[in-house]
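Results of the structural survey
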Amino acid sequence: CVCVCVCVCVYPGTGEMLYIPAYWWHHIIGVGEAVSLTFWFKSRPVPKVTFPLNATQLVALRRNIEGLMGELVGPTQVQALMVAIEKDDLDKTQAAAVVEVETMLRCVMAAEATRPFLKELAHRRFLLPSSP
């Protein structure tokens, strides 16, 4: 599986709006004084889950896993958890969260693919340097 990602930086001006389509991976940083409003709209359901998961299903899975991690360790601790996953340096709370997430991931992927999936999620989401 080869993933190709394109990074686009956008700087909306006063009175402008940025629309991000459903399942597009994104990261937003406020620059200067800004107001951010988010509206979530339901997109049409995926007709059938296929194995291996297709690109759209993987994006949805990544999004849901990150949300689950926020519920397990608290939203302010997700980045620390991601760093710990990539460095294989989990504390007790983080390890328990990863066990729960990996248990769920094994429903849709092979057990040996769960940790690499989480490491890739951590690396891409938080632009972490690669581990040696």
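Residues numbered from 1 in each chain as written. Predicted model: local features only at pLDDT ≥ 70, side-chain atom pairs only at ≥ 80, totals over all residues. Heavy atoms only, no water.

On to the overall build of the chain, then. Each helix and strand counted, the chain has four helices and zero strands in total. Ordering the α and β elements of the chain from the N terminus gives α-α-α-α. Going through the 132 residues of the chain one by one, you find that 27% of them count as buried. Within the chain, contacts between residues separated by at least 24 positions form 58% of all contacts whose residues are at least 6 apart in sequence. Carbon and sulfur atoms make up 61% of the accessible area of the chain, which totals about 10200 Å². (Helix = DSSP H or I, 4+ residues; strand = E, 2+ residues; numbered from the N terminus. Buried < 20%, exposed > 50% of the residue type's maximum accessible area, 1.4 Å probe, protein only. Contact = heavy atoms within 4.5 Å. Areas by Shrake-Rupley, 256 points an atom, 1.4 Å probe, with all protein chains shown as cover.)

We now examine the nonpolar core. Across soluble globular proteins, nonpolar side chains have a tendency to be buried as a group. Counting 20 residues, the largest nonpolar core has Ile65, Met69, Leu105, Phe117 and Leu118 as the members making the most contacts within it. Secondary-structure elements contributing two or more residues to this core are α1 (55-73), α2 (78-87), α3 (92-105) and α4 (111-126). When residues of this core are assigned to their parent elements, the largest contribution, six residues, is made by α1. (Core = buried A, V, L, I, M, F, W, Y, C linked by side-chain atoms within 4.5 Å.)

So, on to α1. For α1, built from 19 residues, the straight-helix expectation of 27 Å at 1.5 Å per residue is met to within 8% by its first-to-last C-alpha distance of 27 Å. The complete set of buried residues in α1 reads Gln57, Leu58, Val59, Ala60, Leu61, Arg62, Ile65, Glu66, Leu68, Met69, Gly70 and Val73. (Expected span 1.5 Å × (residues − 1).)

Put simply, α2 and α3 touch, their axes get as near as 10 Å, and they point 80° apart. Classified by the angle their axes make, α2 and α3 are roughly perpendicular. Of the residues in α3, those touching α2 at Ala80, Leu81, Ala84 and Ile85 are Gln94, Ala97 and Val98. Of the residues in the contact of α2 with α3, the class split is six nonpolar, one polar and no charged. (Axes fitted to C-alpha atoms, helices over the stretch in contact; angles between N-to-C directions. Parallel < 35°, antiparallel > 145°, perpendicular 65-115°, else oblique. Nonpolar A, V, L, I, M, F, W, Y, C, P; charged D, E, K, R; others polar.)

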